Amino acid sequence: MHHRGPRDADGGLDGRACHPEAQSWIDWMRANGISWTAWKLDVGTDTMNLLSPGAPVTGGWNNYLHGHAPFVVANLR
């Protein structure tokens, strides 16, 4: 499979995230002054959904982070 950031090309359906690959991209973007974002602010079972079931629509998601969300949050700081 080919990687695009932290997930396999299947969109993360296998439950795996490739943080070393994603970190390499983030480090390169940071070194080159390029901004980035993460998407899939959604609830679901694949690793790219950032929230777990029951996450409130109003925010306050610290207890609802799912998949690669902790990695995203740590790198956005």
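Scroll up to find the structure this text is about.
Thresholds, definitions, all that
Residues numbered from 1 in each chain as written. Predicted model: local features only at pLDDT ≥ 70, side-chain atom pairs only at ≥ 80, totals over all residues. Heavy atoms only, no water. Helix = DSSP H or I, 4+ residues; strand = E, 2+ residues; numbered from the N terminus. Buried < 20%, exposed > 50% of the residue type's maximum accessible area, 1.4 Å probe, protein only. Contact = heavy atoms within 4.5 Å. Areas by Shrake-Rupley, 256 points an atom, 1.4 Å probe, with all protein chains shown as cover. Phe/Tyr/Trp six-rings, centres within 6.5 Å; stacked < 30°, edge-to-face > 60°. Arc of directions from axis to C-beta. 1 Å grid on protein atoms, 1.4 Å probe; cavity = no way out; pocket = protein on both sides within 12 Å on 5 of 7 lines; lining within 4 Å. Points joined across faces, edges and corners; volume = space filled by probe spheres on them. Nonpolar A, V, L, I, M, F, W, Y, C, P; charged D, E, K, R; others polar.

**Points about the overall build of the protein chain**
- A count of helical and extended segments in the protein chain gives two helices and two strands.
- Each of the 77 residues in the protein chain was classed as buried or not, and the buried ones make up 31%.
- For the protein chain, restricting intrachain contacts to residue pairs at least 6 apart in sequence, the fraction spanning at least 24 positions comes to 28%.
- Looking at the protein chain as shown, the accessible area adds up to about 5200 Å², and 57% of this sits on carbon and sulfur atoms.

**Remarks on the environment of Trp 25**
- Relative to the helices and strands, Trp 25 resides in helix α1 (residues 19–31).
- In the structure, Trp 25 is positioned eleven residues away from Trp 36 in sequence and 9.7 Å away in space, judged by C-alpha atoms.

**Some remarks on the packing of aromatic side chains**
- Under the counting rule described, the total for this entry stands at one aromatic pair.
- Measuring from centroid to centroid gives 6.1 Å for Trp 25 and Trp 28, while their planes differ by 85 degrees, and the two rings are edge-to-face. Pair noted here: Trp 25 and Trp 28 are both in helix α1, with a separation of three residues, about one helical turn.
- Judged by its relative accessible area of 44%, Trp 25 falls in the partly exposed class.
- Note on Trp 28: relative accessible area 46%, which makes it partly exposed.

**Comments concerning helix α2 (residues 69–76)**
- Along α2, the residues that are buried comprise Ala 69, Phe 71, Val 72 and Asn 75. Buried residues along α2 cover an arc of 160 degrees about the axis, so they all sit on one side.
- Where α2 is buried, its residues contact α1.

**Notes on the layout of surface pockets**
- Roughly 160 Å³ of volume is contained in the second largest pocket.
- Leu 41, Leu 50, Leu 51, Trp 61, Asn 62, Leu 65, Ala 69, Val 72, Val 73 and Arg 77 are the residues that line the second largest pocket.
- Partitioning the lining of the second largest pocket into residue classes produces eight nonpolar, one polar and one charged.

Note that all results are geometric; they support no functional claim without further evidence.
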